[in-house]
Amino acid sequence: MEAESEPYVRLATMRQLHQAVADLNTARSLADTLQSVADGIVAGLGYELGCVNLVRPDGDLVIAAFAGNAAAEALITGRVGSRASWERRLSMGEAWDELRFIPHTEGWVLLDDDVPQWHTEGPEPRFEDEWHPLDRLYAPMYASGGGRDLLGVISVDRPRNGRRPGAWGREALQMYASQAAIAISNARLRANMQRALVRLEREQQALRASEESFRQAFEYAPSGMAIAEMGGDQHGRLLRTNDALCRLLGRPASVLRRYSFADLVHPEDIGTLLRTSAEGGRAELRLSRRDGTYLWVSLRNSVVADAADGPRFLLTHVEDIEERKRHELNLAHRASHDALTGLPNSAELKARLSARICERPHTPAATAIEALDAAYGDVESSLTHGYQADGYEGEAAPGGGPFDHHVHAEAPDPERDDGTKGLAVLFCDLDGFKSINDRFGHHTGDAVLIEVARRLSTCVRDGDTVARLGGDEFVVLADGLGAADAADLAVRLRNAIIPPIRVDGRAVRVGASFGIGWAECGMSVEEVLRSADQRMYVEKRSRSKVHRRAG
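A few points on the structure.

The rules behind each value
Residues numbered from 1 in each chain as written. Predicted model: local features only at pLDDT ≥ 70, side-chain atom pairs only at ≥ 80, totals over all residues. Heavy atoms only, no water. Helix = DSSP H or I, 4+ residues; strand = E, 2+ residues; numbered from the N terminus. Buried < 20%, exposed > 50% of the residue type's maximum accessible area, 1.4 Å probe, protein only. Salt bridge = Lys/Arg side-chain N within 4 Å of Asp/Glu carboxyl O. Axes fitted to C-alpha atoms, helices over the stretch in contact; angles between N-to-C directions. Left-handed = near helix turned anticlockwise from the far one by under 90°. Contact = heavy atoms within 4.5 Å. Core = buried A, V, L, I, M, F, W, Y, C linked by side-chain atoms within 4.5 Å. Pairing = 2+ DSSP bridges. Phe/Tyr/Trp six-rings, centres within 6.5 Å; stacked < 30°, edge-to-face > 60°. Lys NZ or Arg CZ within 6 Å of the ring centre and 35° of its normal.

What follows is about the overall build of the protein chain. Scanning the protein chain from N- to C-terminus turns up 19 helices and 18 strands. Within the protein chain, the fraction of its 551 residues that count as buried is 44%.

Have a look at this one:
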């Protein structure tokens, strides 16, 4: 079972990694991109030192960027290591998927090769996964396009926690290396494209040669490229697309010329596209494919200008980011959901509950006469209800007024049915689960928890939340219920749990105790859950042992 804080740690790591990857795409030049890669290792991945070794045209690798230690940066930046020495390093040690780890017990033979290196002396590790100053961890970067052409190598040192990275850290480093390779390739591509554009403007006598250079860079670019009209009635219409974009969207160039990006974008992303500026604008959105599916892409715009008439057309670079988005969604899901049952975890439950309630307690709505007074009364009266004398909306009065648009959560009165509907919080604790765990083992206990989660999920409406707090405790959030509705729901949920659960040919039973609380504005999330928890224990004590028996 994961520690309670681990989802928060993973979510924080994912946010730092996402920010580091985003910074890679904001660099203006290749040099800035390389330095952003090194800085991201230190700022986003939790290492004290990060180094980027870039493959030169002659095949050797030069230290192009360094982060974490100014003295080391001044000492080894710009120095070169031979390709043979690097290939030797990338074939040694332990292969962690695409990563290569060389422990200090093997790496001592590398102290005298020609690869520039910098390290400090340190004590022997005290435990198995402690990081040693002579440990080496490399993340190769390969050029995009499906090949295995080495673009460079990221080397990291001295994790801040003092330990060798686990599976989570390795996955983050490997994903970062993949995104860094794309950013470096794109930076090179943008540099080539910018040089081509400069030649188009300043070298009219070499126009044909410049146009050919541009055509080749456009047609054979590994990422999608498009030229679109700028201004006029046909603004945004695609004039030209390369083969990579055609393959990406599953449409031939002749068909794409009938569309603009506004015709292809997902309806939910049209606002993002419209907000993207022409010059240097960048957006991440979904474009439709021929088969009706949508693909996540990153768009980057540049303006190709006519010296006489001003901006003439847009050059748009389209990068496939589907895999990265899938990783991000997967990481976000793992950070907010229980690993065993797949239900929202405690953090996600509290976030959803917090979004529904506010800090101000609910007050009864104003009477019809009070509403008329607020609308047509004097200035002082209207100000108390959130309007100023000049007709502009002001700050609402504490507790909300007639013009407070927040839908406050309130609790129905259990003594009388006045039609009030509220957000019910049903706290569930399984009866007899511990004896199953003790008698049959954790494997059976986990199977029971998974089945209980399934049964609870099938008994609620779309839009309701079933979450696992931990152990054998679950919480159900159901909005729009009266007191009788919530009691009926608790009965249905309990009856769904009671039937025997078969695990490995054996039938076991658990019972369930429910406490019904209500989320009200003015209460904290902790107070809401504590109220439901206390009512569950009252209900558990009031039921006879016969009804709580499980086996």
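Picking up after the structure, the text goes on.
Even without being glycine, Asp97 reaches a positive phi, approximately 55°. Among the structural elements, Asp97 can be located in the loop between β4 (94–96) and β5 (99–102). Owing to a relative accessible area of 61%, Asp97 belongs among the exposed residues under this scheme. With phi around 55°, Asp504 is a residue other than glycine that occupies positive phi space. Within the element layout of this structure, Asp504 appears in the loop between β16 (501–503) and β17 (506–508).

This part covers the pattern of salt bridges. Counting across every chain of the model gives 28 salt bridges. In this structure, the salt-bridge partner of Asp129 is Arg163, at a minimum N-O distance of 2.9 Å. Pair noted here: Asp129 is in the loop between α5 (104–107) and β6 (136–142) and Arg163 is in the loop between β7 (150–159) and α6 (167–202), with a separation of 34 residues, a long-range link. A residue is classified by how much of its surface remains accessible, and Arg163, at 36% relative accessible area, is partly exposed. With its nearest N and O atoms 3.0 Å apart, the salt bridge here joins Asp464 to Arg461. A residue is classified by how much of its surface remains accessible, and Arg461, at 40% relative accessible area, is partly exposed. When salt bridges that share partners are traced, they join Arg282, Glu284, Arg324, Lys325 and Glu328 into one network.

Quick look at the packing of helix α17 (residues 442–458) against helix α18 (residues 483–497) now. Running from amino to carboxyl end, α17 crosses α18 at an angle of 145°, the nearest separation of the two axes being 9 Å. α17 and α18 meet at a crossing whose hand is right-handed. Side by side, α17 and α18 meet where Val452, Arg455 and Leu456 of the first sit next to Leu493, Ala496 and Ile497 of the second.

For the rest of this paragraph, the subject is the nonpolar core. Of all hydrophobic cores here, the largest spans 38 residues; its most connected members are Val37, Leu45, Leu137, Met141, Ile154, Leu173 and Tyr176. Contributions of two or more residues to this core are made by α1 (6–24), α2 (30–44), β1 (47–55), β2 (61–67), β5, β6, β7 and α6. At 10 residues, α6 tops the list of elements feeding residues into this core. Excluding residues within four positions of it along the chain, Leu45 makes contact with Leu17, Gly40, Ala172, Leu173 and Tyr176.

With respect to topology, 4 strands assemble into an open sheet ordered β14-β15-β13-β18, the strand pairing being antiparallel. Of all strands in the sheet, those bounded by a partner on one side alone are β14 (465–470) and β18 (511–519). Ignoring strand direction, the axes of neighbouring strands in this sheet form an average angle of 25°. With 5 bridges connecting them, β14 and strand β15 (residues 473–481) associate as antiparallel partners. Paired with Thr465 across the strands is Leu477, a residue of β15. With respect to the sheet, α17 is in contact with β13 (422–431), β14, β15 and β18, its orientation differing from that of β15 by roughly 5°. Across the sheet, helix α19 (residues 525–542) touches β13, β15 and β18, and the angle it forms with β18 is around 140°.

Another point: the packing of aromatic side chains. Each pair of aromatic rings is reported with the distance of its centres and the angle of its planes. Taken as a whole, this structure holds 3 aromatic pairs when the rule is applied. Taking 5.9 Å as the distance between ring centres and 55° as the angle between the ring planes, the aromatic pair formed by Phe101 and Trp131 counts as tilted. On the criterion of sequence distance, the pair formed by Phe101 in strand β5 and Trp131 in the loop between α5 and β6 is long-range, its members being 30 residues apart. For the pair Phe101 and Trp131, one class covers both residues: buried. Here the aromatic cluster, defined as three or more aromatic residues joined through ring pairs, consists of Trp96, Phe101 and Trp131. Stacked on the ring of Trp86, the Lys or Arg Arg89 has its end atom at 5.8 Å from the ring centre.

Moving on to the pairing of β18. In summary, the side chains of a regular strand alternate between the two faces of the sheet. The buried count for β18 comes to 8 of 9 residues, which makes it a mostly enclosed element. Pairing analysis gives 9 bridges linking β13 to β18, with the strands arranged antiparallel. Bridged to Asp431 within β18 is Gly511.

The values reported here are purely geometric and, on their own, carry no functional implication.
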